[in-house]
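Report on the structure
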Amino acid sequence: MFPLDPVFALHRGGKMEIASTVPVRNADDLSLAYTPGVAEVCTAIAENPDLVHDYTWRSQVVAVVTDGTSVLGLGDIGPEASLPVMEGKAILFKQFGGVDAVPIALACTGVDEIVETVVRLAPSFGGVNLEDISAPRCFEIERQLKERLDIPVFHDDQHGTAVVTLAALRNACTLTGRTLGELRAVIAGAGAAGVAIARILVEAGIGDVAVTDRNGVVHAARQDLNPIKRELVSYTNKAGLSGSLESALAGADVFIGVSGGTVAESAVATMAPGAFIFAMANPTPEIHPEVAHKYATVVATGRSDFPNQINNVLAFPGIFAGALQVRASAITEGMKLAAAEALAAVVAAELSPSCVIPSPFDARVAPAVTAAVAAAARAEGVARR
């Protein structure tokens, strides 16, 4: 099947493998790597469980866990169909952060089932990256796992996007001589990414941010809010906006799109002069760059064929590498903020309207983010080495 399709050709047989780090050339090698020699290491770990981090790969490997319910723009396609994406994620961990990762696609979708399964798998891993799990379940799954595990748990669809967005926004401010505190932002989309972006922008000191969903601005008077959106109201929309996305954009300094909808040019035209437009839906941005450039000083998308790509691969490999380096027990808000600051600093001397965020292939990115996250983990008391 598909003999002429290069995509299928690349994927045939999968995109990854397990490779040995030690030779097994003869009986002596075998007796060291496996029985009887391995029994000595097992006994030592049984007596001192912390030795597992020194004598196995546990502290260097991440579980990439999905239930296949929100895969890319494909939606709920199930665990088997999600595997090509999870394999891809695993090789990005290795390529860009030097972190080993194992794809795990679960044949269950209940919050309790997923949490219990991951808790039981956790002794084999140094961290858990949750991936492509639909909202609002993803929030509760992450919350419960963070409570029950003493290893980093990170939902990349939320926090990776948020870190890269903040980094680009910081640089856009620097480029134009503004501060985050001067800005009013509007986020289109109140799912995993939208909620996380709102949270990190508030933590970073944004002037105000309103979040919209399919029913308009998320505000306190609405009766249709789930618990996540109800919490969102408590720290966003200080201006008390209501109504549509389009009405919220009037006079706004920043648009951040993570919704997949389309915003009319007439609404974009009402934004404040010198606006920033981050239209990140992929493959079709909420506002096409040709339209956005008519009204905005800085334009970013989620696509690789336009400047300023907001790509999670700029964040998650270095964040996990830094956390694993110091055996962090969690990934804190401070570690995410540090990652964003380090990422922004990579191109601080090269800023232009078409360069407010590094390329994913910029070799400076992962070391900078890794070092910043490790330092933040030590400062916040979650590092264990």
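So, a few notes on the structure that sits alongside this text. Being a predicted model, the structure only gives us computed values, none of them experimental. (Residues numbered from 1 in each chain as written. Predicted model: local features only at pLDDT ≥ 70, side-chain atom pairs only at ≥ 80, totals over all residues. Heavy atoms only, no water.)

1. With respect to the sheet that holds strand β5 (residues 184–188)
Put simply, the rule reads: Paired strands, in this sense, are two strands between which DSSP finds at least two bridges. Helix and strand assignments come from DSSP, with helices taken as H or I runs of at least 4 residues and strands as E runs of at least 2, each series counted from the N terminus.
Taken in spatial order, the 6 strands of this open sheet run β7-β6-β5-β8-β9-β10, and their pairing is mixed. Edge positions in the sheet fall to β7 (216–217) and β10 (296–301), since each of these pairs with one other strand and no more. Where strand β9 (residues 275–279) and β10 come together, 5 bridges link them in parallel fashion. From the neighbouring strand, Ile277 faces β10, where its bridge partner is Val299.

2. Points about the sheet that holds strand β3 (residues 127–130)
To keep things clear, this is the line we draw: To obtain an axis, a line is fitted to C-alpha atoms, over the contacting stretch when the element is a helix, and the angle between two such axes runs from 0 to 180 degrees between their N-to-C directions. In what follows, residue pairs with any heavy atoms lying within 4.5 Å of each other are defined as contacts.
Ordered in space as β2-β1-β3-β4, the 4 strands form an open sheet in which the pairing is parallel. The open sheet terminates on both sides in strands that have one partner only, identified here as β2 (100–105) and β4 (153–155). Pairwise comparison of adjacent strand axes, ignoring direction, gives a mean angle of 20° for this sheet. Along the sheet, helix α8 (residues 156–176) makes contact with β3 and β4, crossing β4 at roughly 75°. Here helix α14 (residues 316–325) sits on the sheet in contact with β1 (61–66), β3 and β4, set at roughly 160° to β3.

3. Description of the pairing of β2
The test is simple: A crossover gets the label right-handed when its path from the first strand over the helix to the second runs clockwise, viewed with the strands pointing away from the viewer.
Examined bridge by bridge, β1 and β2 share 6 bridges and lie parallel to one another. The partner of Val64 across the bridge, within β2, is Pro103. In the classification by handedness, the crossover that spans β1, the intervening helix α5 (residues 79–97) and the parallel β2 is right-handed.

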